[in-house]
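Structural characterization, general
What follows is each chain in one-letter form.
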Amino acid sequence: MTARGGDMPHANKTIYSIPAGEAFLDSLIAGLKKFAPNELQSVLILLPTRRACTALRDRFLQQQCVQGAMLLPAIRQLSAIDEDELILSANAELAEAMLAIPPAISPMRRRLLLTKLILSRKEPDVSHTQAFLLAGDLGHLLDQVLIENSDFKNLETLVDKELASHWQKIVKFLSIVTQAWPAILAQEGFIETVDRRKRLIELQIQHWQRNVPHHPVIAAGSTGSHPSTTDLLKTIAAMPKGAVILPGLDTALDEPSWEELGPSHPQYLLKKLLGHLNVERSDVLPWGHASHELAPRAQFLSQVMRPAEHSDNWEYLSKTYTDSAPWHGLQNLTADHEQDEALLAALMLRETLEHPAQTAALVTPDRSLAIRVATLLRRWNVAVDDSAGLPLSQTSLASYMMLLLQLPQQDLKPSDVMAFLKHPLTSLGLGREICLRLARELEATFFRQQICGAGIATWLRLLPREHSSAVLLQNISAKLAKLPDVYNSKPITDWLDVHLELATLWSKGPLWQGSEGEALSEYIDRLRAHSAGYECSFEDYAGIFSGGLRQETLRLHYGQHPRLHILGLIEARMLSFDHIILAGLNEGTWPETPLQDPWMAPFMREKFGLP
C-alpha cells in the first residue's frame, strides 16, 4: 500500500493485528502479559464498545480466579473521554478549554426543535407527526456531517437544474435549516452531542501530545470509522508505550487487489486507517502467537471477498480449498421460512444449555429474527441476553398507552376499541374479569352483528341502552366528554397530564412497575422536560408520543441467561463463544440494503462526501 500525502511510511513498532478467527479478548490478554509484564495494573485499554469492556473485565476475572488476586488495568470505551480525569490531569489552559465546552443538547429536545423548524416552512401536506419523523432523519444527517468533518456550505451545488424539482426544493429547505439551526442551538445554550464528543477527543489528543503518558496505552479492536477516532488512534500509535491493535487485518490478499478495495469491502476501513497512520500493511506486527487451525478458512474467505476487478485470480487458486480444511467445524442449514430459521436458531441455542459451561451466540443484523428467537426461547423459560434490547413500544405497558391514544379520535374503529378493551391492563374501573367478559359480549353481540360505523358516539346511538356491555362505551364516553377540546393546540405537557390521568383511571392497577414501567416513565419524563414551547392538538401529540416511543429500547440488566447471547455485528466482532450461529444471511438483510434517506438521494450523499 502506498503512503498518503507523499510521506514515507515510518518503521512500525506500535501497530498490531489479531487474526480473524482468534478469540480476540483472550489473545489481547495473552499479548498484554508480554507487552507490559511488570506494569499490567497501570495499563489503559481502550475498546470500541461497552460490551467489549465488560467482557474483557470478565475475562481477566475468570483468569485471576485461578491465578490469584491482582489489580486490573483501566478499561474504557474509546470514544468515552473521562472528563473529570482530564480536567484534573490537564494544564490550566486545557482545563479551561474543557470547562468552556457547552453541554450537549438532549436528543428529545433537538428532535422537537427540528420538528418546529420543519413545520415553520408551512408545507401543506406535512403534519406534526410527519415532521417529527422527518426531524429524526434530519438529526441523523446533521450527525453524519459532523462525524465526517464536513459542512453545508456547498448545498446548492448538489442538484443539477435538470433534475426533479422535488430534490431542488429539499436542498433549498436544507440550506435554510442549516443556516437557522446553529442560531437555535446557541439560543438554547447547547451544542450537538457529536460535536461535544469530537471536542473532548481533540482536547484528549492535545493533552497526550503535551504530556506523553508514562504508562502503556492500548487501543484495541477499532477500525477507525470516525475521523476523530482515527486521529486519537494516530496519537496513541506515536506514544513510546502506545499500541493500536487491529481486528483481523487481511495480510494474505495480494497488493493489486488490496489497492482496489472499495467502501463495500469489510477491510476497507482498515485500509483507510493504515493510510492515515502512514503504515504499510506488510509492516503490521502480529499480536501474540496466532494458531494455524483456522488459517485455511481465513485465506479462503479472503479469496471470496476479493474485489470483482481481480476475481479472475480464482482460476489459479490452489486445490487445497476443495478439501475439508476451510469447512472444519462449520455446518450449513437452509430454512424455507423465517419462522423455521428462528426455530432452528432457538433449538441450537437451547441445545447448548445441555452442556454445562458451554456458551453460544446468535449473530444477526435482522432484528425481527432476533425477536422471534428470543420469543421462542421463552417457551423453555430461557431469557436470552439480546444486545439490542427490546423495542419499548412492543412491551405490554407501552401498547396500552398507545391504544389509549386512539380513543378520542372521531374515526375510531371497532378493532381499535376492542384491542384496548381486551388489553391485559384495561379494567375501566370495573375489574379486569368483568371488563373482559363485557368486551367479549360487546364484540359477539354488537360489532359482529351489524355495520357499526365509526366512533363511540355512533355506537352508543346504535347500541340498546339495556345492553349489558353498553357500560363500557358509556364509561369511556363520559370521561372523554370532560376532556379539553382535542382539536385545539395545547402544550405537550398538558396533553401528557390528560394521557396519564386516563391511563391511571382505566388501568387494573399500578402501571409504573418493573423494567418496562421504569423505562416508560423515564421516556415520559424526558418528553415533559424537553417539550417546552411546543403546542399541538391531541392527535398530533398522539403521533409524537408514539413516534418517539418506537425509537426507545428496553434493555434488561438482570434475569438473563449468562451463557446465551443475541448480538449485532459490531457487538460480536470482538467476542468469542463455543458455538456461533450466523442467521439472516439473506440478500437485503446481510448485507443490508441501504435505507432511503428522505433528505439526500444516494448520488447527493456521494457528491456531498457522506458514506
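Conventions and cut-offs
Residues numbered from 1 in each chain as written. Predicted model: local features only at pLDDT ≥ 70, side-chain atom pairs only at ≥ 80, totals over all residues. Heavy atoms only, no water. Helix = DSSP H or I, 4+ residues; strand = E, 2+ residues; numbered from the N terminus. Buried < 20%, exposed > 50% of the residue type's maximum accessible area, 1.4 Å probe, protein only. Contact = heavy atoms within 4.5 Å. Areas by Shrake-Rupley, 256 points an atom, 1.4 Å probe, with all protein chains shown as cover. Lys, Arg positive; Asp, Glu negative; His and termini not counted. Charge placed at Lys NZ, Arg CZ, Asp CG, Glu CD. Polar contact = N/O pair within 3.5 Å; in protein donor to acceptor, adjacent residues only side chain to side chain. Axes fitted to C-alpha atoms, helices over the stretch in contact; angles between N-to-C directions. Parallel < 35°, antiparallel > 145°, perpendicular 65-115°, else oblique. Nonpolar A, V, L, I, M, F, W, Y, C, P; charged D, E, K, R; others polar. Expected span 1.5 Å × (residues − 1). Salt bridge = Lys/Arg side-chain N within 4 Å of Asp/Glu carboxyl O.

Section: the overall build of the protein
- When helices and strands are tallied, the protein shows 24 helices and 14 strands.
- Dimensions of the protein along its principal axes, counting C-alpha atoms only, are 90 × 60 × 55 Å.
- Classification of the 611 residues of the protein by burial places 44% in the buried group.
- Restricting the contact set of the protein to residue pairs at least 6 apart, pairs at least 24 apart contribute 76%.
- Of the roughly 32100 Å² of accessible surface on the protein, 53% is carried by carbon and sulfur atoms.
- Positive and negative charge centroids in the protein, built from 57 and 70 side chains respectively, lie 5 Å apart.

A look at the environment of Lys271
- With respect to the helices and strands, the residue Lys271 is situated in helix H11 (residues 268-277).
- A residue is classified by how much of its surface remains accessible, and Lys271, at 8% relative accessible area, is buried.
- Polar contacts involving the side chain of Lys271 include one to the main-chain carbonyl oxygen of Trp258, which spans 3.4 Å.

Side note on the environment of Ser368
- Along the chain, Ser368 turns up in helix H14 (residues 367-377).
- Sequence separation between Ser368 and Ser576 is 208 residues, and the spatial gap between their C-alpha atoms is 23 Å.
- For Ser368, the side chain forms a polar contact with the side chain of Asp366, separated by 2.7 Å.

Here's the deal with the packing of helix H17 (residues 432-447) against helix H19 (residues 470-481)
- Where H17 meets H19, the axes come as close as 8 Å, and the angle between the chain directions of the two elements is 105°. In this view, H17 runs roughly perpendicular relative to H19, as classed from their interaxial angle. Of the residues in H19, those in contact with Cys435, Leu438, Ala439 and Leu442 of H17 are Val471, Leu472 and Leu473.
- Of the residues belonging to the contact of H17 with H19, the class tally is seven nonpolar, no polar and no charged.

Considerations on helix H1 (residues 24-35)
- The end-to-end C-alpha distance of H1 is 16 Å, a good match for the 16 Å that twelve residues give at a rise of 1.5 Å each.
- Buried residues of H1: Phe24, Leu25, Ser27, Leu28, Ile29, Gly31 and Leu32, and no others.

Digging into unusual backbone geometry
- Cis rather than trans, the peptide bond between Trp590 and Pro591 has omega equal to 5°.
- Secondary-structure assignment places Pro591 in the loop between strand S14 (579-582) and helix H24 (602-608).

A word on the pattern of salt bridges
- For the structure shown, the criterion picks out 21 salt bridges.
- Ionic pairing is found between Arg210 and Glu93, a salt bridge with its closest N-O pair at 3.9 Å. With a gap of 117 residues between them, Arg210 in helix H8 (residues 193-210) and Glu93 in helix H4 (residues 92-99) connect regions that are remote in the sequence.
- Of the residues examined, Arg210 reaches a relative accessible area of 43% and is grouped as partly exposed.
- Through salt bridges with shared partners, a single network forms among Arg110, Asp143 and Glu192.

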